[in-house]
Structures are given as structure tokens and as C-alpha cells.
Amino acid sequence: MSKINFPKDFIWGSATAAYQIEGAYNEDGKGESIWDRFSHTPGNIENGHNGDIACDHYHRYEEDIKIMKEIGLKSYRFSISWPRIFPEGTGQLNQKGLDFYKRLTNMLLENGIMPAITLYHWDLPQKLQDKGGWKNRDTTDYFTEYCEAIFKSLGDIVPMWITHNEPRVVALLGHFLGIHAPGIKDLRTSLEVSHNILLSHGKTVKLFREMNIDAQIGIALNLSHHYPVSEKPEDIAAAELSFSIAGRWYLDPLFKGCYPEDALEYYKKKGIELSFPQDDLKLISQPIDFLAFNNYSSDIIQYDPSDESGFSFAESILDKFEKTDMGWIIYPEGLYDLLMLLDRDYGKPNLIISENGAAFKDEISSSGRIEDTKRIQYLKSYLTQAHRAIQDGVNLKGYYLWSLMDNFEWSFGYNKRFGIVHVNFETQERKIKDSGYWYKEVIKNNGF
Ligand code: FCB
């Protein structure tokens, strides 16, 4: 196979999130987050795991940055824990919390690694949840207050900002299915939450521009390509509708200033009539510098009159695919098709893959190596498709591998390992996996 070369200046990164790695859940004045509360409530997380210690990154960030340097990362995407900065969500700032992120950021810069900050990766201060959380419109102002404090202290040294990580997952898993914090199960609430999160994004972008910050800002959506299970018109229509609900519900407000009609219609049939103030949509659709998205898999959809939504995931066909340890199908062409769709339908935006990677059960060989060949295969195949899209004219600027290290995988606890660095959660020992060494070569050669 001929060599795959990425464009000069392509951003090679890796990503994590505060609650998944930091630990130190109640140190140095940090307030309780909804994930602390949720994981401390029995029955929510596999094996009763929680993020109290996680990878203990709060105390071991120096060692972790050395590992990043060893791998040769050009950029590191991490998130800030809001309740570390504002234990009550609003009001009194906790300087010690802010200082941690200053130390982290400065050390990254000293090592030539570009920090990319996600402002919200799901750990809302519990105190704000007590006031209604994201359902409460005031939370959008508390969010911008928190962001302002961060911009004031890190705005002039951090080149890349992401307001939110995966608003759909917060809305759907956190407020409709109830399997993520805060564990609410209500469709209307989930739709209001989704809107308020987008609104808080818009308000923050506005603030960012007003503060004249010389950096880039965007948002990270979770997106996958939706395929009809067959060429039958009803399957095609089902796949289109399901993508409107899962993808365009976020993309259209951001890029077109409106919600997709077919999805509005769909909710109307469920008895939920939604209308949002035009001013909100103006705020939400302010230009962003890049669209980031997380992509792991693809969805195959079938028309299904027996399901109340009229469609369902085509489970029967999934056996034909290889899957990761999450049960997610491996279909790298889905990344290519998604990149082409975003490019075509949303005006050729600058794109960043803010997460891509795979969970597999790792085994440590007798020589002590972690020979995660399946992960390498996965990464190679997805990167090949990303490269193909760039060749076809897509403005893809960077790639963040999920994840730098094994960590707390939300409701699955520590049972799913996504890292290119192995973490022994008993001893906190880190060990670079074969995939980490492979990625090091990719970065060094700007391809493979
Ligand atoms: C994404 C999340 C990230 C991680 C990966 C596997 O949905 O953004 O925190 O859990 O999935």
C-alpha cells in the first residue's frame, strides 16, 4: 500500500475528559458534580465504580505530560471541571482549582503540546442541578460566567476552545434514558436541555468574540453516518429522519439557525410542540471557527412500524460486522461518508475529529507489552478514510485519538479500555501500549 501522507500542520492529538481521569473529586475546594452524585448512587455504574480517584491525573499530570511528549502529541484535548472552578456553579471562584489548569496548560506549552480545552464535558456542579440543571435557562448564564473566568485566565495562551462535548449525549443519555448523570427520564426535559446547551454555546461564542480572544472556538458533536438497511424508500426515509433527530438537530441550528422540520414534526406527533425564540437561534448560529465531532461507529436504520418512532436500529444486520468491546460496529467508510456529508451540507466548514478510537480488552504479554493489534487496525482503517476525505477536498484539520489513557468510561466504569496508554488502576502505573508506539510513528511521519 502506498504511503498515506497527511497535510502539513495536521493536528495530531489525543483527548481525555476531567471526570474520567482527574480523581481528587473533593480536593482543594472542588465542589460536587452531578457525576460525583450519580456515581455515588448505588446501581448507576457497573461494579459500583466511580471517578473519585480515576487515573489520579490531578496529582500525576506531570508524569502524564511526559508520556504525551514521549508519544509526540502535537495537541492534547482535555476538559475543565466546572465545580473545581466554581464549587457552587456560580459566585465564589476557587483559585486552587483554577491554578491546577494553569499549571497543566503551562506545562503543556513548555513541552510544545498545544492545549485544546473543552469547557463542558458533562460534570455540571451539583448545586446547579439542584436549581434545575440544564433545564433551567439561568444555567446558560452561569455557564458563560464560568467561561468568562476561564477565558480571562487562559484565553491568551490556549489556541483552541470547545464549548460543549456531545450535547446530544447529555440530552439523551442524561435526561431521556437516565443512564448518565443526572439520571432524568423525560423527553420534553431532554429537548429543553438540548436547546439550552446550544444556547449556552451561542452565548459563550458571543462572549469569546467580545473579549477579542485571539484563538479558535467551536463545539464537539457526536455524529455517526446513518445508513438505510436497504434501498427501499421507507428505509431510506427512516434513515434520513433518524439522522435529522440525532445529527441535524444540532447541525442545523449551528449552521442554519433553525431546527430541522422533519424532526420538529416527529416530536409534534409525540405530543411535544416545540418552538424556540428566534433570538436564541441567532445566538446559536453565530459563526464558529471549526466544527469538531466525535465519531466511533455508524448506524444502520430500518423502517419499523412496530416501534413508536417508526424506525429502529437494524440489529439483525449487525452480526455481519466486527465490533469493538463497546459492541459498536467497525465501519471506517462511515467516517468518510460523514466527512463528505458535513462538507457538502454545511458549507465546507473546518472540521476536527475530536474523538475517535476503540475499546478492546487488553492483555499484557509475558514480556510486559500490551499488544493491542486490534486497536491499531481500527485506528489505521479510520485514519485511512479520514485521509481519503481530505484528498477529496474536505477541510479536515486535526484528529484527536480517544483516549490518551484507559479511564472511567461513564456507566461502564473501568471495564472499557480506550487508552493508547494502559493504566493499572490498583497501582496507577502507566504503560504505553503498542498502539501508543504506533501512533508515535504516525505523528513522526505525518502518516503511515
Ligand atoms: C464519547 C465521550 C467520551 C468517551 C467516549 C468513548 O461519547 O465524549 O467521554 O466516553 O465516548
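Computed from a predicted structure; not experimentally measured.

**Section: the nonpolar core**
One finds Trp35, Ile71, Trp82, Tyr146, Trp161, Leu342 and Tyr439 to be the most contacted residues of the largest nonpolar core, which totals 147 residues. For this core, the leading source of residues is helix H10 (residues 233-256), giving nine residues. The residues touching isoleucine 71, leaving out its near neighbours within four places in the chain, are Leu404, Ile420, Val421, Ile432, Gly436, Tyr439, Lys440 and Ile443. Membership of the second largest hydrophobic core comes to five residues, among which are Ile300, Ala314, Ile317 and Leu318.

**Considerations on the pairing of strand E2 (residues 75-79)**
Within E2, five of the five residues are buried, which leaves the element mostly enclosed by the surrounding structure. Side chains of E2 alternate between two faces, with Ser75, Arg77 and Ser79 and Tyr76 and Phe78 buried alike. Across three bridges, strand E1 (residues 11-15) lies against E2 in parallel orientation. Residue pairing across strands places alanine 15 opposite arginine 77, the latter belonging to E2. The pairing of E2 with strand E3 (residues 114-120) spans five bridges and is classified as parallel.

**Section: the UniProt feature "binding site: substrate" (unreviewed entry) in the protein chain**
The UniProt record annotates "binding site: substrate" (unreviewed entry) at Gln20, His121, Asn165, Tyr296, Trp402, Glu409 and Trp410. If near-sequence neighbours (up to four positions away) are discounted, tyrosine 296 is found in contact with Trp328, Ile329, Glu355, Asn356, Gly357, Tyr378, Tyr382, Trp402 and Phe418. Only 2.6 Å separates the side chain of tyrosine 296 from the side chain of glutamate 355, close enough to count as a polar contact. Judged by relative accessible area, which is 2%, tryptophan 402 ranks as buried.

**A few points about a nonpolar patch on the surface**
Nonpolar side chains collect at one region of the surface, where Phe176, Leu177 and Ile179 lie side by side and expose about 240 Å² of accessible area between them. Structurally, leucine 177 is set in the loop between helix H8 (167-175) and helix H9 (187-210). Given the relative accessible area of 38%, leucine 177 is considered partly exposed.

**Looking at the UniProt feature "active site" (unreviewed entry) in the protein chain**
Per the UniProt entry, the sites bearing "active site" (unreviewed entry) are Glu166 and Glu355 in this numbering. Taken along the chain, the residues just named run across 190 residues; in space they keep tight, none of their C-alpha pairs more than 10.6 Å apart. Relative to the assigned elements, glutamate 166 resides in the loop between strand E4 (160-165) and H8. Every residue in contact with glutamate 166, bar those within four places of it in the chain, is listed here: Trp122, Ala220, Leu221, Asn222, Asn294 and Glu355. Within the secondary structure, glutamate 355 is located in strand E10 (residues 351-356). Given the relative accessible area of 5%, glutamate 355 is considered buried. Contact partners of glutamate 355, with chain neighbours within four places excluded, come to Arg77, His121, Asn165, Glu166, Phe293, Asn294, Asn295, Tyr296, Tyr400 and Trp402. Here the side chain of glutamate 355 touches asparagine 294 through a polar contact of 3.2 Å, side chain to side chain.

**Thoughts on helix H13 (residues 333-345)**
Given a rise of 1.5 Å per residue, 13 residues ought to cover 18 Å, and the 18 Å separating the end C-alpha atoms of H13 matches this to within 8%. Considered for burial, the residues of H13 that qualify are Gly334, Leu335, Tyr336, Leu338, Leu339, Leu341, Leu342 and Asp343. Buried residues along H13 sit against strand E6 (226-228), H10, strand E7 (290-294), E10, helix H14 (373-391) and strand E11 (396-402). Once H13 ends, the next one or two residues include glycine 347, with phi positive near 75°.

**Considerations on the sheet that holds E1**
Strand order in the closed barrel made by the eight strands is E1-E2-E3-E4-E5-E7-E10-E11, with parallel pairing throughout. Neighbouring strand axes in the sheet, compared pairwise and without regard to direction, differ in orientation by 25° on average. Pairing between strand E5 (residues 216-222) and E7: five bridges, direction parallel. Following the sheet pairing, glycine 218 is matched in E7 by phenylalanine 290. The sheet strands contacting H13 are E7, E10 and E11, and the helix crosses E7 at an angle near 155°. Along the sheet, H14 makes contact with E1, E10 and E11, crossing E11 at roughly 170°.

**Things to note about a negative patch on the surface**
A cluster of like negative charges, contributed by Glu240, Glu261, Asp262 and Glu265, occupies part of the molecular surface. Take the negative patch: its biggest share by element is three residues, from helix H11 (residues 261-269). Tracing the backbone through its elements, the reader meets glutamate 261 in helix H11.

**Considering the pattern of salt bridges**
Counted under the stated rule, the structure contains 30 salt bridges. Two residues, arginine 84 and glutamate 22, come together in a salt bridge whose shortest N-O distance is 2.8 Å. Within this pair, whereas arginine 84 is found in helix H4 (residues 82-85), its partner glutamate 22 is found in the loop between helix H1 (18-21) and helix H2 (34-39), the two being separated by 62 residues in sequence. The pair formed by arginine 84 and glutamate 22 is uniform in burial state, with each residue classed as buried. One salt bridge in this structure joins lysine 206 and glutamate 210, with 3.1 Å as the shortest N-O distance. Of the two residues, lysine 206 and glutamate 210 both sit in helix H9, four residues apart, roughly one turn of that helix. Classification of lysine 206 as partly exposed rests on a relative accessible area of 39%. Residue class for glutamate 210 comes out exposed when judged on its relative accessible area of 53%. Beyond isolated ion pairs, a larger network of salt bridges with shared partners links Asp362, Asp372, Arg375, Asp406, Arg417 and Lys433.

What counts and what doesn't
Along each chain, residues carry numbers from 1 onward, in the same order as the chain's sequence is written. Reporting in this predicted model follows two pLDDT cut-offs: at least 70 for local features of residues, and 80 or more for side-chain atom pairs to be given and counted; totals over whole chains, interfaces and linings ignore these cut-offs and use all residues. Water and hydrogen atoms were dropped before computing side-chain values, which therefore reflect all heavy atoms in the structure. Put simply, a nonpolar core is a bunch of buried Ala, Val, Leu, Ile, Met, Phe, Trp, Tyr and Cys residues held in one set by side-chain atoms that sit within 4.5 Å of each other. Burial classification: accessible surface area is computed with a 1.4 Å probe over protein chains only, and a residue below 20% of its type maximum counts as buried, one above 50% as exposed, and the rest as partly exposed. Helix and strand definitions here come from DSSP, where helices need a minimum of 4 consecutive H or I residues and strands a minimum of 2 consecutive E residues; each element is numbered from the N-terminal end. In what follows, residue pairs with any heavy atoms lying within 4.5 Å of each other are defined as contacts. Pairing between two strands requires that DSSP report at least two bridges joining them. UniProt positions are given in the numbering used here, feature names are shortened, and annotations may be inferred rather than shown by experiment. In the analysis that follows, any N or O atom pair within 3.5 Å is treated as a polar contact, provided that within protein one partner can donate a hydrogen and the other can accept it, and provided that, for residues neighboring in sequence, both atoms belong to side chains. A patch consists of residues exposed above 30% relative accessible area that lack any salt bridge, with like charges linked at up to 9 Å and nonpolar side chains (Val, Leu, Ile, Met, Phe, Trp, Tyr) linked at up to 5 Å. Each accessible area value is a Shrake-Rupley result obtained with a 1.4 Å probe; residue values ignore everything except the protein chains displayed when judging cover. Basic side-chain nitrogens of Lys or Arg form a salt bridge, by our definition, when they fall within 4 Å of a carboxyl oxygen of Asp or Glu. To estimate the expected span of a helix, count its residues, drop one, and scale the result by 1.5 Å. Note on geometry: axes are C-alpha line fits, over the in-contact stretch for helices, and angles between N-to-C directions span 0 to 180 degrees. Only four residue types enter the charge count, namely Lys and Arg as positive and Asp and Glu as negative; His and the chain termini do not. To locate a charge, the coordinates of NZ of Lys, CZ of Arg, CG of Asp or CD of Glu are taken.

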